Amino acid sequence: MSAVQLRNPATEQVIGTVELASLAETDAAIERAHRAQPAWAALAPADRARLLRRFAEEVEADAEHLAHLEVTNSGHTIGNARWEAGNVANVLNYYSAAPERLFGRQIPVPGGVNLTFAEPLGVVGVIVPWNFPMPIAGWALAPALAGGNTVVLKPAELTPLTALRLAELARRAGIPDDVFQVLPGKGTVVGQRFVTHPAVRKVVFTGSTEVGKQIMAGCAAQVKRVTLELGGKNANLVFADADLARAAAAAPYGVFDNAGQDCCARSRILVQRSVFDEFMALLEPAVLGVVVGDPNDPATEMGPLISAAHHAKVSSYVDGLVPVAIQGKVPDGPGFWFPPTVLTPSSARDRTVTEEIFGPVVTVLPFEDEAEAIALANDTDYGLSGSIWTENLGRGLRVARGVQAGNLSVNSHSSVRYWTPFGGFKSSGLGRELGPDAVAAFTETKNVFISTEE
Ligand code: NAP
Ligand code: MG
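From a predicted model like this one, the values you see are computed outputs, not experimental measurements.

Caption draft 1: Expanded view of the sheet that holds strand β13 (residues 341-343). Within the open sheet, the 7 strands sit side by side as β12-β13-β14-β11-β10-β15-β16. Their pairing is mixed. In the strand order of this sheet, the two ends are held by β12 (324-327) and β16 (407-410), each with one partner. Along the sheet, successive strands turn relative to each other by an average axial angle of 20°, direction set aside. Relative to strand β11 (residues 268-272), helix α13 (residues 370-377) is tilted by about 170°, and along the sheet it contacts β10 (235-238), β11 and β14 (361-367).

Below, the structure written as structure tokens:
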């Protein structure tokens, strides 16, 4: 049995250790989940719904505690962490409506009656990254449980505390022990076993594109269902006809939220050349105004990066070769701090423009016209999100239809709203989470024909 030491990213202090699940423990947990699944699926729909609502109530009652765990373990600002805990409760409430509405269809056929059923898959394995431990767990576990599946969930090694707490809260709500289990452990041990164990019938993975491809390849061996939420290098398109003051004031929050550790971060700002200088002049005070500091202070807008290793990776992109146009400040002393940084590379092929940095670093480049804006936005393997700033409604819609990404917003940086589908085009992923159809991703359609002939 090995253990991992957890560190507060804002102070570098050790905050505790967590035991890592072994392969044998993972197998045992999957077996228990497999055995528990038929009874969970056989519960009366209203009873499954009630348990999910009780789980939501427990999360709501514990939200302040969960939020503080995330501040300490992940360095999230307290404002964000409160939103994240609330998001888990909201998502549980939203999908608690599903068990009583898992409708099939009666389809007209000759010679009998035809019915469809939404059948659970079995055990669902969820692999969660360190950037948004609570919401990403909730987006998978809530619709999976609602669909009658049992769930085994592996948090990231660096950030297991809120997931472990969610498992306790589920138990307190009356959800049977083996229906939702959290297994802290290594990706290469626990996560990999979700891929190879035949009783796990679906893997939901959020993380890097590199590991996502391996997961997909591994799942192919068993034709295992898979949902992938991977990286992004998202464009924020600012047209000359935009409300420039609004666009510039909002741009830092579209990329520096969660210290840029967000697959939806708008990390490529593209500005129409005729207003480029004006936009940069407006952007400077907005970037310098981002409040970086103690995550426990409700006024703080940006905290530290997750780890020393990640800090080294992000730092490698600000290497003195690409001009730094604007850079904010960070607190003195310990902590994995990186300042909000705006780069103006000379080429759209620079690696700061093509690679996901996953930190508070944004590039700004000019474009001439709408066609070039769309071409530049699409000049990436990724396709997760993006924003369009314009006061012209027709242009807003035209460009939104032209950008190859799963989640676009016009005059806003919003990507994730639990009522609406979320996911990526191209190398940003496969499948969708959230929204009205998410439970369909956790069920199989079964067709039954009943002959009425004598
Ligand atoms: P990662 O390696 O893809 O890790 C994501 C999750 O997958 C973690 O729980 C990890 O476990 C697990 N994992 C790792 N290797 C695995 C394997 N072979 N089989 C099954 N599970 C495995 O991501 P990372 O290393 O933390 O971050 C690297 C980069 O990925 C970031 O810099 C960023 O560009 C991107 N990223 C994207 C997102 C997103 O939301 N789309 C989130 C996080 C990271 P361990 O904790 O044990 O490694
Ligand atoms: Mg990794």
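Structure shown, so let's carry the discussion forward.
Caption draft 2: Seen up close, the sheet that holds strand β7 (residues 180-182). Strand order in the open sheet formed by 6 strands is β7-β6-β5-β8-β9-β17, with mixed pairing between adjacent strands. A single partner strand is all that each edge strand has here, and the edge strands are β7 and β17 (429-430). Those strands touched by helix α1 (residues 23-42) are β5 (123-127), β6 (150-154), β7 and β8 (200-206), and its axis lies near 150° from that of β6. Contacts from helix α5 (residues 133-146) reach β5, β6, β7 and β8, with the element oriented near 165° to β6.

Caption draft 3: Region of interest: unusual backbone geometry. For E12, which is not glycine, the phi torsion reads 70° and is therefore positive. Within the secondary structure, E12 sits in the loop between β1 (2-7) and β2 (14-20).

Caption draft 4: Looking closely at the site of ligand 1. In the region of ligand 1, 28 residues are neighbours, and W130, E157, S208, L230 and E356 sit closest. For ligand 1, an oxygen atom lies 2.9 Å from a polar atom in the side chain of K313. At 2.7 Å, a side-chain N or O of E356 approaches an oxygen atom of ligand 1. Burial of ligand 1 by the protein amounts to 85% of the accessible area it has alone, namely 870 Å². Mapped by element, the contributors of at least two residues to the shell around ligand 1 are α7 (187-196), β8, α8 (209-220) and α11 (308-315). Grouping the constituent residues of the shell around ligand 1 by class yields 11 nonpolar, 11 polar and 6 charged. Structurally, the shell around ligand 1 is a two-domain feature, drawing no fewer than three residues from each of domain 1 (2-230 + 427-451) and domain 2 (235-416).

The rules behind these values
- Residues numbered from 1 in each chain as written.
- Chains lettered and ligands numbered in written order.
- Predicted model: local features only at pLDDT ≥ 70, side-chain atom pairs only at ≥ 80, totals over all residues.
- Heavy atoms only, no water.
- Pairing = 2+ DSSP bridges.
- Helix = DSSP H or I, 4+ residues; strand = E, 2+ residues; numbered from the N terminus.
- Axes fitted to C-alpha atoms, helices over the stretch in contact; angles between N-to-C directions.
- Contact = heavy atoms within 4.5 Å.
- Near = heavy atom within 4 Å.
- Polar contact = N/O pair within 3.5 Å; in protein donor to acceptor, adjacent residues only side chain to side chain.
- Areas by Shrake-Rupley, 256 points an atom, 1.4 Å probe, with all protein chains shown as cover.
- Nonpolar A, V, L, I, M, F, W, Y, C, P; charged D, E, K, R; others polar.
- Domains from an automatic or database assignment.

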